[in-house]
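Structural characterization, general
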Amino acid sequence: MSKLILVTGGSRSGKSSFAESLCISRENSTAYIATSTPFDEEMEDRVKKHKESRPSNWETYEIFKDIYSIIDNLGNKHQTVILDCVTLLVNNLIFDYGIDFDKCTPEETNEMEKYIKQQIEMLINEIKKTDLYFVIVTNELGMSLVPDNKLCRVYSDIVGRINQYIAKCADEVYFVVSGIPMKIKE
């Protein structure tokens, strides 16, 4: 039976480090799902720092779309999986979807959100079929100001609803503030 853990917090809260420590403590074969797609020097530097901070024996999978399609294979090779992070996953799915935010209708954004939620639902369904210890990292965006542009509002709304869905499905949820994890669901 799988165990699904969600780790959330603000930017630079220590959530990734905490999530990684949960996986390291298991002392078994671990897969790291990286959802980032480096598009500039700053992002390349962030990816480099993330890679350097995790154990070298972890196997990395760089993927943001159809992640559910690799879960069965991961379950055959590993006991622990960390996915970092949902906010970049949603970002990449939004831009991969190809919607024109200057001209799109609410119906089009609703369809895009439906597609993104299906990606997450299929991922969770595949995780539940395994015996994996699966840690998902995400940013908590709901504690800041409402963005002033449509793209950012749509993004924030989708991430918020996706985070709620994952938290509902998770066995445990941690909220990390200033490097201090607090268990908020057990």
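Cut-off values and rules
- Residues numbered from 1 in each chain as written.
- Predicted model: local features only at pLDDT ≥ 70, side-chain atom pairs only at ≥ 80, totals over all residues.
- Heavy atoms only, no water.
- UniProt positions renumbered as here; feature names shortened; annotations may be inferred.
- Helix = DSSP H or I, 4+ residues; strand = E, 2+ residues; numbered from the N terminus.
- Contact = heavy atoms within 4.5 Å.
- Salt bridge = Lys/Arg side-chain N within 4 Å of Asp/Glu carboxyl O.
- Buried < 20%, exposed > 50% of the residue type's maximum accessible area, 1.4 Å probe, protein only.
- Phe/Tyr/Trp six-rings, centres within 6.5 Å; stacked < 30°, edge-to-face > 60°.
- Lys NZ or Arg CZ within 6 Å of the ring centre and 35° of its normal.
- Disulfide = S-S within 2.5 Å.

**Quick word on the UniProt feature "active site" (unreviewed entry) in the protein chain**
- Mapped onto the present numbering, the UniProt feature "active site" (unreviewed entry) falls on H50.
- With respect to the helices and strands, H50 occurs in helix 2 (residues 41–53).
- Filtering out sequence-adjacent residues up to four positions away, H50 remains in contact with S16, E20, Y32 and D84.

**So, the pattern of salt bridges**
- Evaluation of the coordinates by the stated rule reveals eight salt bridges.
- Where R161 meets E113, a salt bridge forms, and the shortest distance between an N and an O atom there is 2.6 Å. You can see R161 sitting in helix 6 (residues 150–169) and its partner E113 sitting in helix 5 (residues 106–128), a full 48 residues away along the chain.
- Note on R161: relative accessible area 42%, which makes it partly exposed.
- Classification of E113 by relative accessible area gives buried; the value is 16%.
- Here K129 and E126 are joined by a salt bridge, their closest N and O atoms 2.9 Å apart.
- One network of salt bridges, in which partners are shared, links K3, E172, K183 and E186.

**Overview of the packing of aromatic side chains**
- All told, the structure shown has three aromatic pairs when counted by the stated rule.
- On the numbers, 6.4 Å between centres and 25° between planes, the contact of Y32 with W58 is stacked. Separated by 26 residues along the polypeptide, Y32 in strand 2 (residues 30–34) and W58 in the loop between helix 2 and strand 3 (59–62) bring together distant segments of the chain.
- A relative accessible area of 2% places Y32 in the buried class.
- Between Y97 and Y115, the ring centres sit 5.5 Å apart and the planes meet at 35°, which makes this aromatic pair tilted. Of the two residues, Y97 sits in helix 4 (residues 86–97) while Y115 sits in helix 5, which places them 18 residues apart along the sequence.
- The aromatic ring of Y133 is capped on one face by R26, whose charged end is 4.0 Å from the ring centroid.
- The cationic tip of R54 hangs over the ring face of Y32; the distance from NZ or CZ to the ring centre is 3.6 Å.

**Considering the state of the cysteines**
- Taken as a whole and assessed by the stated rule, the structure comprises zero disulfides.
- The cysteine C104 is free of any disulfide, with C152 supplying the nearest cysteine sulfur at 13 Å.

**Some remarks on unusual backbone geometry**
- Geometrically, the link from D84 to C85 is a cis peptide bond, its omega value of 5° lying close to zero.
- The topology assignment puts C85 in the loop between strand 4 (80–84) and helix 4.
- Phi angles above zero are rare outside glycine, and R12 is one such case at about 60°.
- The exposed category is assigned to R12, whose relative accessible area is 62%.
- Positive phi, close to 50°, is recorded for S178, a residue that is not glycine.

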